[in-house]
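Each chain is listed here by its residues.
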Amino acid sequence: MRLLHTMLRVGDMDRAIEFYTKVLGMTLLRKHDNEEYQYTLAFIGYQPESEGAVLELTYNWGTSEYDLGSAYGHIAIEVDNAAEACERIRNHGGNVVREAGPVKGGTTVIAFVEDPDGYKIELIEKRADAHNF
Ligand SMILES: C[C@@H](O)C(=O)SC[C@H](NC(=O)CC[C@H](N)C(=O)O)C(=O)NCC(=O)O
Ligand code: NI
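Residues numbered from 1 in each chain as written. Chains lettered and ligands numbered in written order. Predicted model: local features only at pLDDT ≥ 70, side-chain atom pairs only at ≥ 80, totals over all residues. Heavy atoms only, no water.

(A) Representation of the overall build of the protein in the model. Counting its regular elements, the protein contains two helices and eight strands. From first element to last, N terminus to C terminus, the protein shows the α and β order β-α-β-β-β-β-α-β-β-β. Its C-alpha radius of gyration of 15 Å places the protein within 12% of the 14 Å reference for a compact globule of 133 residues. Structurally, the protein occupies a C-alpha span of about 50 × 35 × 30 Å along its principal axes. A total of 133 residues make up the protein; the buried ones form 38% of that total. A separation threshold of at least 6 residues defines the contact pool for the protein, and within that pool the share at least 24 residues apart is 49%. When the accessible surface of the protein is totalled, it reaches about 8,100 Å², and 49% of it is carbon and sulfur. Of the charged side chains in the protein, 13 are positive and 22 negative, and the gap between their average positions amounts to 4 Å. (Helix = DSSP H or I, 4+ residues; strand = E, 2+ residues; numbered from the N terminus. Rg over C-alpha atoms; globule rule 2.2 N^0.38 Å. Buried < 20%, exposed > 50% of the residue type's maximum accessible area, 1.4 Å probe, protein only. Contact = heavy atoms within 4.5 Å. Areas by Shrake-Rupley, 256 points an atom, 1.4 Å probe, with all protein chains shown as cover. Lys, Arg positive; Asp, Glu negative; His and termini not counted. Charge placed at Lys NZ, Arg CZ, Asp CG, Glu CD.)

(B) Inspection of the environment of Lys-22 at higher detail. As for its position among the elements, Lys-22 is in helix H1 (residues 13-23). When the C-alpha positions of Lys-22 and Ile-89 are compared, they lie 9.8 Å apart, and in sequence the two are 67 residues distant. What Lys-22 contacts, discounting residues up to four positions off in sequence, is Ile-17 and Arg-88.

(C) Layout of the sheet that holds strand E6 (residues 95-102). The strand order across the open sheet built from four strands is E5-E8-E7-E6, with neighbouring strands paired in mixed fashion. Among the strands making up the open sheet, the edge pair consists of strand E5 (75-79) and E6. In this sheet, neighbouring strand axes are inclined to one another by 20° on average, regardless of whether the strands run parallel or antiparallel. Most of the contacts of helix H2 (residues 82-91) go to E6, to which it runs at about 170°, and overall it touches E5, E6, strand E7 (109-114) and strand E8 (120-125). (Pairing = 2+ DSSP bridges. Axes fitted to C-alpha atoms, helices over the stretch in contact; angles between N-to-C directions.)

(D) Expanded view of the coordination of the nickel ion (ligand 2). Taken together, the protein donors to the nickel ion (ligand 2) comprise His-5 (NE2) and Glu-56 (OE), at separations of 2.1 to 2.2 Å. Here the nickel ion (ligand 2) binds four donor atoms, and the angle range of 74 to 166° at the metal identifies the geometry as irregular. With His-5 in strand E1 (residues 5-9) and Glu-56 in strand E4 (residues 54-60), this pair connects stretches of sequence that are 51 residues apart. In this structure His-5 comes out as partly exposed when scored by relative accessible area, which is 34%. (Donors = N, O, S within 2.8 Å, 3.2 Å for Na, K, Ca; no water. Tetrahedral: all angles 85-135°; square planar, octahedral: opposite > 155°, others 65-115°.)

Here is the structure:
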């Protein structure tokens, strides 16, 4: 078995694709409209689905926002430099909710940003050693 994707419901598909591709550098891998059930799926990621897990964005036609509730945590992305990534995201109108700095109780540099739908994304700075803490 292997992890295939994480599905996020989005309120505006073009806005979400723009953010994940232009701001976070992902690739739009495939997109599918379902006329019968009135929804669109977009699969995005940093590598082909055959090589690694991706995000599945789901847009229900006519639904522009969701209550994310208190259960959702975050998705995590590895970056070379968390502070530079935050600056880039801020310059593209993104929302930085936790500036880059060492994780509490650890040494790995992390930051948190939000995507256009308010989903939190953790930016974890790449380390020479394998672990993220
Ligand atoms: C393609 C595969 O990865 C899927 O996840 S399709 C699963 C299917 N999705 C939908 O019907 C999308 C529209 C639906 N209204 C929704 O918002 O999920 C599905 O069964 N979804 C139900 C679910 O609970 O995920
Ligand atoms: Ni799915």
